[in-house]
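Structure at a glance
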Amino acid sequence: MSENRGVSGPLCGCSPDRETVCIDTFRVLDSCRDRDCYEDVRVYLCPFGQEIIDRNVAVRAKEATILCTFVGVDPVQFNRGFYQVTVRFYIKVTCEACVAIGRNQEFSGIAVVEKRVVLYGSVGNVSIFRSDPNVGPCDACNLDNRSTNVPVGVCEVVNPVLLSARVVEPKTPCGYCCCCCADIPTSVSSAVSGNLTDSDDKNRLLVTLGIFSIIRIERPAQYLIKASDYCVPDKECLAQEDDDPCSLFRKMAFPVGEFCPPSRGELVGPENENGNRGGCGCGKH
């Protein structure tokens with residue numbers, strides 16, 4: 001199994017002849033998928049959000065967004081060829097509380113969760129050097145052009161499902177905690193207004209998060225493939241000539257499907273595996 005990253009553009013074959021070419025890409029050696037539920041994860045808040053939960057214990061979970069993810073790969077001792085992939089998710093959690101009669105207030109905080117998996121990444125100790133047109137033979141060595149073929153960890157993830165949120169009393173233990181407030185990078189904490197706080201003598205906000213993820217481990221590799229010459233596309237680049245937004249709107253196709261919600265059978269039926277939606281209840285039954 002491999003990911004082809006060495007070829008760009010449509011290989012529609014201007015010429016029917018195909019030749020064998022070598023590409024430099026990444027080979028997927030091992031992968032796994034998972035659904036994780038993290039219960040009672042502490043959310044670190046700024047003073048504004050902390051003041052809200054200190055005065056109001058009734059909050060409603062709105063959304064959770066992954067700001068960034070750290071992926072680390074470490075060899076497993078006494079098990080050659082296997083690596084532990086550590087993934088740490090930094091998540092922005094947005095909640096809502098009623099601060100006055102008929103007035104709701106949104107506030108955000110940062111939650112951190114972590115998962116570890118062991119995958120097979122093979123072995124290799126090759127150093128890779130690439131040419132740099134800005135460095136000559138008489139210049140100092142450019143350390144940036146050196147890399148290794150050690151495996152690379154990759155994580156694909158969708159935004160978490162925010163299952164619940166609750167305010168608890170001070171010093172209530174968290175159900176899950178992998179770091180403290182000081183361990184959160186500044187680039188992450190800047191996503192909320194104000195400095196994060198983790199005072200133990202104030203109320204805490206705990207959330208439950210569901211995360212779907214795919215984790216794989218890759219290694220640089222070279223492959224011989226059959227390919228044809230790159231074909232120049234026939235489609236021309238057209239600029240918008242009419243600045244009237246209503247004119248552009250009138251050219252859009254009417255979204256009939258949005259007004260015809262599919263039935264349960266249409267969603268799970270084998271004839272709709274490619275995402276095809278039937279008509280407005282007029283399909284075959």
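Residues numbered from 1 in each chain as written. Predicted model: local features only at pLDDT ≥ 70, side-chain atom pairs only at ≥ 80, totals over all residues. Heavy atoms only, no water.

A water-sized probe, rolled over the atoms, reveals where empty space remains. Inspection of the entire model under this criterion finds one cavity of 30 Å³ or more. Looking at the largest cavity, its volume works out to about 40 Å³. Here the lining of the largest cavity takes three residues from strand β2 (residues 19-45), the largest share from any one element. A per-class count over the lining of the largest cavity returns seven nonpolar, no polar and one charged. (1 Å grid on protein atoms, 1.4 Å probe; cavity = no way out; pocket = protein on both sides within 12 Å on 5 of 7 lines; lining within 4 Å. Points joined across faces, edges and corners; volume = space filled by probe spheres on them. Helix = DSSP H or I, 4+ residues; strand = E, 2+ residues; numbered from the N terminus. Nonpolar A, V, L, I, M, F, W, Y, C, P; charged D, E, K, R; others polar.)

Let's shift gears to the pattern of salt bridges. As a working rule, side chains carrying opposite charge can pair if their charged atoms are close by. Per the stated rule, a full pass over the model turns up ten salt bridges. With a shortest N-O distance of 3.0 Å, Arg-166 and Asp-40 are connected by a salt bridge. Residue Arg-166 is found in strand β9 (residues 161-168), and its partner Asp-40 is found in strand β2; the two are separated by 126 residues along the sequence. The class of Asp-40 is buried, set by a relative accessible area of 18%. The shortest N-O distance in the salt bridge between Arg-216 and Glu-156 comes to 2.5 Å. Placement of Arg-216 in strand β10 (residues 204-227) and of Glu-156 in strand β8 (residues 152-157) is noted, with a sequence separation of 60 residues between them. Taking the relative accessible area as the measure of exposure, Glu-156 reaches 40% and is therefore partly exposed. Among the charged side chains, a network of salt bridges with common partners joins Asp-34, Asp-36 and Lys-115. (Salt bridge = Lys/Arg side-chain N within 4 Å of Asp/Glu carboxyl O. Buried < 20%, exposed > 50% of the residue type's maximum accessible area, 1.4 Å probe, protein only.)

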